[in-house]
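Descriptive analysis of the structure
Residue-level listing of the chains:
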Amino acid sequence: MTPPPGRARYVATLTGRLRTDRWGVAGTDLGIPARLPSGAVAYFFGDTFESSAAGGPGWRSPVMLRSGGLDRAALDEGIVFDGACGGRYAREILPNAHDPSQRPDPETPGSEFTVIPCDAITVDRRVYLSVVSVHSWNSAAAPTNFTYLARSDDLGVTWQRTDARWDNTGGALDQMWTMDRADGYVYVMSSAFDRANPGGVILRRVPEHRIAEPWAYEAWVPERDEMPSGVWMSVRSAPVVPVLPGPVGELSLRRIEGTWVLAGFDPAAYAITTRTAPDPTGPWSEPVVQVAGGEWGAGDGTFAQIYGGFIHPDSALDDLHLLVSQWNTAEGAPYHVLQFRTTAAA
């Protein structure tokens, strides 16, 4: 049964021919937006190619494009990029082994198929980017090697890996991140890098200035029978207790006008959904379908083979802009990023 169309309205196709191919970005996905210290917006893309189809020449990941500060009218007409990290050709901003062997054995050393961005945040004019080292799309046991933080002190022109790293111990729920700031903390919601994993979403926080110190993080342990109220505990001793159920896909957490909004891909609903809460600890609303998945050529208001669902930083609660990926895996293309406009109200 085809799901009903979602609430969001299609605005524009953001990548591809005559949009981003002048930087060697014809086929790409994700486009995670984050505010730079300058006020401009950076967009972080995953596996990127010079051709419109995934798997073409010029494979690199992650890459970064930019747009200047947009007024609301310009945003409503569709994001227009005005630059790339690398200048005329969007370069790969972090080391990537590009190991094509796709070995499913998680114990195989040195196997890194690609490096995928998850989210970025600015703290004291330094930009931190969470990325995941993908071991193999063919590995059910451990599709990722680890997640780490990279940083840039020059508005995204150059990037360096930090020592902050979270190894995948097999289904670990700290691999795919999204994060935002409030009250001196960075709040991180994360899950396994696996849309079939039922483990759900966990919540952690860390003082802003200690974001690159893994043992400085605290985990939120929700209310349970043996615990009358939720509590923050050091990750050294905290049990792993999800705050939202799984499976989940990509996530995007943003604090907008004092309300926390969580957008992302819901594999069970085959849709981009949003939830809202007064605090990262909840209570979270039930998910609202924003963009419904469907079949190619359906013509019923659905969109085929969607994922992502990242919140633009210039969004308002009543004017939420989402970046959604679409990839025809059978044909290779389209492989691009779409912009939708909606509201975050439940």
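This report concerns the structure included in the present document.

Rules and cut-offs
- Residues numbered from 1 in each chain as written.
- Predicted model: local features only at pLDDT ≥ 70, side-chain atom pairs only at ≥ 80, totals over all residues.
- Heavy atoms only, no water.
- Helix = DSSP H or I, 4+ residues; strand = E, 2+ residues; numbered from the N terminus.
- Polar contact = N/O pair within 3.5 Å; in protein donor to acceptor, adjacent residues only side chain to side chain.
- Buried < 20%, exposed > 50% of the residue type's maximum accessible area, 1.4 Å probe, protein only.
- Pairing = 2+ DSSP bridges.
- Phe/Tyr/Trp six-rings, centres within 6.5 Å; stacked < 30°, edge-to-face > 60°.

So, on to the side chain of H135. Mapped onto the elements of the fold, H135 is located in the loop between strand 7 (126-134) and strand 8 (144-152). Within the local environment of H135, its side chain forms a polar contact with the backbone oxygen of S111, the two atoms lying 3.3 Å apart.

Of all six residues in strand 20 (residues 306-311), six are buried, a share of seventy percent or more. Taken together, the five bridges between strand 20 and strand 21 (residues 320-327) define a ladder with antiparallel strand orientation. Its bridge partner being in strand 21, F310 is matched across the sheet by L323.

Now for the sheet that holds strand 2 (residues 30-35). Taken in spatial order, the four strands line up as 2-3-4-5 in an open sheet, and their pairing is antiparallel. Since the sheet does not close on itself, it has two edges, and those belong to strand 2 and strand 5 (83-84), each with one partner. Bridge analysis of strand 3 (residues 41-45) against strand 4 (residues 63-67) gives five bridges, and the strand direction is antiparallel. Note on strand 4: the bridge partner recorded for F44 is M64.

Both the distance between ring centres and the angle between the ring planes are used here to describe each pair of aromatic rings. Inspection of the entire model under this criterion finds 19 aromatic pairs. Measuring from ring centre to ring centre gives 5.1 Å for W59 and F113, while their planes differ by 45°; the resulting arrangement is tilted. Of this pair, W59 sits in the loop between strand 3 and strand 4 while F113 sits in the loop between strand 5 and strand 6 (114-123), placing them 54 residues apart in sequence. Among the residues examined, W59 registers a relative accessible area of 27% and is labelled partly exposed. Classification of F113 as buried rests on a relative accessible area of 14%.

What follows concerns unusual backbone geometry. Comment: phi is negative for the bulk of residues other than glycine, and the bulk of peptide bonds are trans. At the junction of S61 and P62, the peptide bond is cis and its omega measures out at -5° in the coordinates. With respect to the element layout, P62 can be found in the loop between strand 3 and strand 4. Here the amide bond leading from A333 into P334 is cis, since omega sits at 5°, within 30 degrees of zero. Secondary-structure assignment places P334 in the loop between strand 21 and strand 22 (335-342).

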